[in-house]
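Residues per chain are reported as follows:
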Amino acid sequence: MPRRPRQAKRPRWQRRPEARPDEILCAALEVFGELGFARTRLDDVARRAGVSKGTLYLYFDNKESLFRAMVTARLEAVLAHAEEFVRSWKGSTSDLLRAFTTDYWAKMNQPEKLRLAKVVIGELSSFPELAKWYYQEVILRTRRVIETILERGIESGEFRPVHTALTARALQLLVVNMAQFLHYFQKYDPAPLSSDDILEGILDLYLHAVQAVPAPVTRT
């Protein structure tokens, strides 16, 4: 009995056209994270996505537009969720700050966010226009969310009147840099801390820094 001819495997690029942009963005995040922004070529991304370079150019004009689209795809929904989360919160501001920071820490420790932060911290200063765009679209937007929490706490009397712009920056730096430290340098630390230990330390340090201190009781 003659053997039935094997069906040839379909190459990766033979996919539904509507699926390709997201596949390209996923591949871009992987390649940017591995090679950095400067060393990444569109050829590298196309190869990782399983599409031709010509197909990639149907969706993205250049490496900068690809990077912007990748950031928007990965962070727009996250930022919108954070803004709505703070806007609709009904409990105490201290609990809101704890809940926001816990979620922020979890997200910044996700592999894709770690890769993106690594590129941003390590390279974007060499690309001023792209750095400016990222700063305005991601860093400033996140800072405004934190400032809103701080302003709410100050208004309610739960927080002391801190410098909100500086204090918001401090939380961003604590979370982002500690996440990078945990995943890239922890293995060299002679006294390593767990992710939970670091989160609790950030919360303890930050909440004690901003919470109002009850006035001492005056004895007569």
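These lines cover the structure that appears in this document, whether it is placed above or below. Everything numeric in this text was worked out from a predicted model, so none of it was measured. (Residues numbered from 1 in each chain as written. Predicted model: local features only at pLDDT ≥ 70, side-chain atom pairs only at ≥ 80, totals over all residues. Heavy atoms only, no water.)

1. Looking at a nonpolar patch on the surface
Then, in step 1: Side chains of Phe181, Phe185 and Tyr188 sit close together on the surface and give an oily, nonpolar patch of about 350 Å² of accessible area.
Then, in step 2: One can find Phe181 in helix α8 (residues 164-184).
Then, in step 3: By relative accessible area, Phe181 is classed as partly exposed at 32%. (Patch = residues over 30% accessible without salt bridge, like charges linked within 9 Å, V, L, I, M, F, W, Y side chains within 5 Å. Areas by Shrake-Rupley, 256 points an atom, 1.4 Å probe, with all protein chains shown as cover. Salt bridge = Lys/Arg side-chain N within 4 Å of Asp/Glu carboxyl O. Helix = DSSP H or I, 4+ residues; strand = E, 2+ residues; numbered from the N terminus. Buried < 20%, exposed > 50% of the residue type's maximum accessible area, 1.4 Å probe, protein only.)

2. Comments concerning the environment of Leu56
Then, in step 1: Assignment of secondary structure puts Leu56 in helix α3 (residues 53-59).
Then, in step 2: In the structure, Leu56 is positioned 11 residues away from Val45 in sequence and 8.5 Å away in space, judged by C-alpha atoms.
Then, in step 3: With near-sequence residues (within four places) excluded, Leu56 lies in contact with Ile24, Leu42, Val45, Ala46 and Val51. (Contact = heavy atoms within 4.5 Å.)

3. Topic: the environment of Leu199
Then, in step 1: Here Leu199 shows up in helix α9 (residues 195-210).
Then, in step 2: For Leu199, a relative accessible area of 10% corresponds to the buried category.
Then, in step 3: Separated by 25 residues in sequence, Leu199 and Leu174 place their C-alpha atoms 9.8 Å apart.
Then, in step 4: Leave out the neighbours within four places in its chain, and Leu199 touches Thr101, Thr102 and Trp105.

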